[in-house]
Amino acid sequence: MPVFTYREAIRHALAEELERDANVVIMGEEVAQFNGAYKVTEGLLAKFGDKRVVDTPITEAGFIGAGIGASMLGVRPVMELMFWSFYSVAFDQILNNAANVRYMSGGQISCPIVIRGPANGGTNVGATHSHTPENVLANHPGVKVVVPSTAADAKGLLKSAIRDNDPVFFLENTLLYGEKGEVPEGEHIVPLGVADIKRTGKDLTIVTYGRSVLHSLKAAEILEKEHGASVEIVDLRTIRPLDIDTVLKSVAKTHRVLIVEEQKPFASVGTQLSYMIQREAFDELDAPIHRLATVDAPAIYSPPVEVEQLPNAQRVLKAALEVLA
Amino acid sequence: MTKTSSATAAKKPAASAKAADFGQAPVNAKLTAAQKIELYRTMVRIRRFEERSLRSYQAKKIGGFLHLYIGQEAVATGCCSLMGANDHVITAYRDHGHAIAVGMDTRALMAENYGKVTGCSKGKGGSMHYFAPDKNYWGGHGIVGGQIPLGAGLAYGIKYKGLKGAAMAFMGDGAVNQGAVHEAYNLAALWQLPAVFIIENNGYSMGTSQARSSAGQLAKRAEGYDMAWGQCNGHDLYEVRATVDEHLRMAREQCKPSILEIDTYRYRGHSVADPDNTYRTKEEIEEYRRTKDPIQVFQNLLVAERVLTEDLIAEIDTAARTEADAAADFAEASPFPTVEDIQKDVYWEADNPSERKSQGRLFFD
Ligand SMILES: Cc1ncc(C[n+]2csc(CCOP(=O)(O)OP(=O)(O)O)c2C)c(N)n1
Ligand SMILES: [Mg+2]
């Protein structure tokens, strides 16, 4: 199988969908002439021209709102937020307009928009640039939320997102852009709402998504080698729709759960998962559900300290040992 | 110059020809030689600090983004030199120049860049998020345009407290298109707040030229809000001071807000990570360096005025380099915050437990 970076995989998905559907338009700050702040859209302007790949001023509420409006007429905008952190500037457009228009119109209007960009900490850009809003977004019925961890998933999920008829928010990670992985050749589609077992095991289920999958895989290796523990890793891939069945199946096998998420803990994705697991699989649990999240404070700048604020392999290992004890 | 009419402001001819006139403006004419030397010194200190920061960034001592102010020194230096006790400043992430101009200690600034606990924000904010309320300096803000309503709020606070002062709210040419900026303009005009909205127009927002990002003339948008506006050359410190002084007076004395667009230029990429090779030519940068460098322009003026001598120029430069190196040494030698520090400075009550009034859990790990 060919190997591509996560960045390239996203770019390929964008290019293929631009090719396939004349209604697909890419829009965002620096996406065209500058080739993207993180070079995800590199080369797309040259290939598809400035009708399909559009630079916008720094005006998130304006251009995201315009994208939502265009999507109501059947245009399929794929909007780049240079950082998901800037979604707050367009909060009203995203969560009042995109999320509600279908409902408030009694199902008459659809909003097939995709908003994508990086949402992560770990690059020392401080509190204003390090938000991970998947929980906030997923709190709004009407929207879909995707957080891919590998190149193949990123490509397959983005293609599904672009073809979806509802607003899909696609959260990438600047620290994953350079990560390489095998990507199936030809048309590669991953449906939204299907979790993926990234490692099989029998002693502990780690439910996770995004870059935390990588930390969890590293910790699982150490657990296997040094502690003889066999860990199963469930990568949610999509936060909403949520593949709770795959999670419950794994819990029924291992009876122990650790949730790992790059999220502030209060009302996080893990909070929702914990509720569902205890509600639907209480009798399967041999230990309380445990969770490893970001240390509960705004993102600190200081580089070595930020590493400790976020989930990392060592912190996952420590938390896993607590659940296994 | 301040305009309230709909006449379009012609761009003023840059540099020396007119510069002498601005030197005669009252606010400049009253400067002593020593004060002029200090203004010059501030610009040199900013530049050397930025160059030192760049080296530290390249040596991986600084993380995240680093937005350098090199080329724009006359703007922050000129504006902040006019601040009185009740005048306040707020700016975006390109904040080092303003910080030095209001008198913050460069050691604390460099330590902040390094993420050290001795930094001006204890290593929590980083290069984009400097703060010094004791110097009337309210940051250092990372979200483009987000600081401008705060600037209007500072002006509101000044007026509310019955003080005679003004708030200078700085933004870039790319920030003017944010909705929050326009909401702030309207509030300031509607409530007649003593605010001066200063657009540091360096021609580009990241890789996008002004022509590709903004319809119409930036400061002229003031007319839609019945606000006064002006435009000036930011390469000449005298011109900056003469013009900003008018705007500040209007704010302090008549409680009238205004927008001032100051033409300037950044020599470096948007941030240190910007390869800076897609959206402008090397010749353009060279041309600015050669003909409009704010330090050189002011140096020429002060040499002509016999305020600066070759020896003094060299001495100021050496002192600025020494200061920047000392700041880097201080930053290097300082400790990082601890993991326990992550959850300090989040809530007032958590930091002052003996005075806590609320109950219940504040943190959720
Ligand atoms: C809301 C928001 N959108 C986008 C960004 C990313 N960004 C940071 S600076 C910048 C360019 C701003 O240019 P300008 O206002 O001209 O200021 P300059 O950098 O030239 O000082 C962009 C797009 C951001 N920080 N915040
Ligand atoms: Mg600019």
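Per chain, the residues get numbers from 1 upward, laid out in the order the sequence is written. Labels are handed out in written order, letters beginning with A for the chains and numbers beginning with 1 for the ligands. Residues qualify for local features only when their pLDDT is at least 70, as the model is predicted, and side-chain atom pairs are given and counted only at 80 or more; totals for whole chains, interfaces and linings, by contrast, use all residues. The side-chain numbers reported here are obtained from all heavy atoms of the structure, hydrogens and water having been left aside.

Novice: Mind laying out the overall build of chain B, listing which residues take part and the relevant values?
Specialist: Looking only at helices and strands, chain B has 14 helices and eight strands in total. When we talk radius of gyration, it's over C-alpha atoms, and the globule rule is simply 2.2 Å times the number of residues to the 0.38. Taking 21 Å as the expected radius of gyration for a compact globule of 365 residues, we find that chain B reaches 21 Å, a close match to that expectation. Overall, chain B is about 65 × 50 × 45 Å in size when its C-alpha atoms are taken along their principal axes. For each residue, the accessible area found with a 1.4 Å probe, counting protein chains only, is set against the maximum for its type, and the residue is called buried under 20%, exposed over 50%, and partly exposed in between. Taking all 365 residues of chain B together, 58% fall into the buried category. Residues are treated as being in contact if the distance between any of their heavy atoms lies within 4.5 Å. Within chain B, residue pairs in contact and separated by at least 24 positions form 73% of the contacts whose partners lie at least 6 positions apart. When the accessible surface of chain B is split by element, carbon and sulfur atoms take 53% of a total near 15100 Å². The average position of the 43 basic charges and that of the 45 acidic charges among the side chains of chain B differ by 2 Å. Helix numbering and strand numbering both begin at the N terminus, where a helix is a DSSP run of H or I of at least 4 residues and a strand a DSSP run of E of at least 2. For the area figures, the Shrake-Rupley method with a 1.4 Å probe applies, and any residue is considered shielded solely by the protein chains shown. Positive charges come from Lys and Arg alone, negative charges from Asp and Glu alone, with His and the N- and C-terminal ends not counted. Charge positions are represented by NZ for Lys, CZ for Arg, CG for Asp and CD for Glu.

Novice: Describe in detail the site of ligand 1, supporting the description with residues and values.
Specialist: Residues in contact with ligand 1 amount to 22 residues; listed here are only the nearest, Glu60(A), Tyr93(B), Arg94(B), Gly142(B) and Asn202(B). Here a residue is considered near a molecule or strand provided that any single heavy atom belonging to it is located within 4 Å of it. With respect to ligand 1, the chains having nearby residues are chains A and B. Definition of a polar contact: a pair of N or O atoms within 3.5 Å, with one able to donate and the other able to accept a hydrogen when the atoms are protein atoms, and with sequence-neighbouring residues admitted only if both atoms are side-chain atoms. Separating an oxygen atom of ligand 1 from a backbone N or O atom of Tyr204(B) is a distance of 3.0 Å. Amino acids outside the nonpolar list (Ala, Val, Leu, Ile, Met, Phe, Trp, Tyr, Cys, Pro) and the charged list (Asp, Glu, Lys, Arg) are all regarded as polar, and Gly is one of them. Residues of the shell around ligand 1, tallied by class, amount to ten nonpolar, eight polar and four charged.

Novice: I'd like a rundown of the interface of chain B and chain A, residues and numbers included.
Specialist: Taken residue by residue, the interface counts 40 residues in chain B and 37 residues in chain A. Roughly 2900 Å² is buried in total at the junction of chain B and chain A, and carbon and sulfur atoms are behind 66% of that figure. In the sections that follow, a salt bridge refers to a side-chain nitrogen of Lys or Arg positioned within 4 Å of a carboxyl oxygen of Asp or Glu. Taken together, the links from chain B to chain A amount to one salt bridge. Residues Arg212(B) and Asp55(A) are paired through a salt bridge, measuring 3.1 Å at the closest nitrogen-oxygen approach. Looking at the side of chain B that touches chain A, the elements that each hand over two or more residues are helix H6 (106-113) and helix H9 (210-213) of chain B. By residue class, the composition of the side of chain B that touches chain A is 16 nonpolar, 19 polar and five charged. Buried area: the accessible surface (1.4 Å probe) lost by two parts on joining, summed over both.

Novice: Go over the coordination of the magnesium ion (ligand 2), please, and point to the residues and values.
Specialist: All names here are of chain B. Here a donor is an N, O or S atom found within 2.8 Å of the metal, or within 3.2 Å if the metal is Na, K or Ca; sites may look incomplete because water is not among the atoms. At this site the magnesium ion (ligand 2) is bound by Asp173 (OD), Asn202 (OD1) and Tyr204 (O), with donor distances of 2.1 Å. As a motif over one chain, the donors of the magnesium ion (ligand 2) read D-x28-N-x1-Y. With Asp173 in the loop between strand E3 (167-172) and helix H8 (179-190) and Asn202 in the loop between strand E4 (195-201) and strand E5 (204-205), this residue pair connects regions lying 29 residues apart in the sequence. As far as burial versus exposure is concerned, Asp173 and Asn202 are alike and both buried.

Novice: Talk me through a nonpolar patch on the surface; I want residue IDs and the actual numbers.
Specialist: Residues and elements named next belong to chain B. On the surface, a nonpolar cluster with roughly 580 Å² of combined accessible area is contributed by Tyr156, Tyr160, Leu187, Leu190 and Trp191. Tracing the backbone shows Tyr156 in helix H7 (residues 147-160). A residue is classified by how much of its surface remains accessible, and Tyr156, at 39% relative accessible area, is partly exposed. Residues forming no salt bridge and having over 30% relative accessible area are the ones grouped into patches, like charges within 9 Å of each other and nonpolar side chains (Val, Leu, Ile, Met, Phe, Trp, Tyr) within 5 Å.

Novice: Report on the confidence of the model for chain B, specifying residues and quantitative values.
Specialist: All names here are of chain B. Per-residue confidence from the predictor is reported as pLDDT, which spans 0 to 100. Looking at chain B, pLDDT values average 94 and 95% of them are 70 or higher. Taken as a whole, residues 1-17 scores under 50 in pLDDT and shows 38 contacts with residues more than four places along the chain or in a different chain. The ipTM for the predicted assembly is 0.96, set against a pTM of 0.96.

Novice: So what's going on with the pairing of strand E8 (residues 258-263) of chain B? Residues and values would help.
Specialist: All names here are of chain B. Within E8, six of the six residues are buried, which leaves it mostly tucked inside the rest of the structure. Where burial is concerned, the two faces of E8 agree: the one with Ser258, Leu260 and Ile262 and the one with Ile259, Glu261 and Asp263 are both buried. Should DSSP find at least two bridges between two strands, the strands are taken to pair. By the bridge criterion, six bridges tie E4 to E8 in an arrangement that is parallel. Directly across from Glu200, in E8, lies its bridge partner Ile262. Whether a crossover is right-handed comes down to one check: with the strands pointing away from the viewer, does the path from the first strand over the helix to the second run clockwise; if it does, it is right-handed. Note that the unit made of strand E7 (residues 228-233), helix H10 (residues 237-254) and E8 has a crossover that is right-handed.

Novice: Account for the nonpolar core, with residues named and values stated.
Specialist: Residues enter a nonpolar core if they are buried and are Ala, Val, Leu, Ile, Met, Phe, Trp, Tyr or Cys, with the set joined through side-chain atoms within 4.5 Å. Of all hydrophobic cores here, the largest spans 132 residues; its most connected members are Trp84(A), Ile94(A) and Phe197(B). The two domains that each donate at least three residues to this core are domain 1 (3-182) and domain 2 (196-324) of chain A. Those residues in contact with Trp84(A) that lie beyond four places of it in its chain are Ile94(A), Ile115(A), Arg116(A), Gly117(A), Pro118(A), Ala119(A), Pro133(A), Leu137(A), Phe169(A), Phe170(A) and Leu171(A). Counting residues in each nonpolar core, the second largest holds 28 residues, with Ile10(A), Leu18(A), Ala32(A) and Leu44(A) among its members. Reported domain spans reflect what an automatic or database domain assignment gives.

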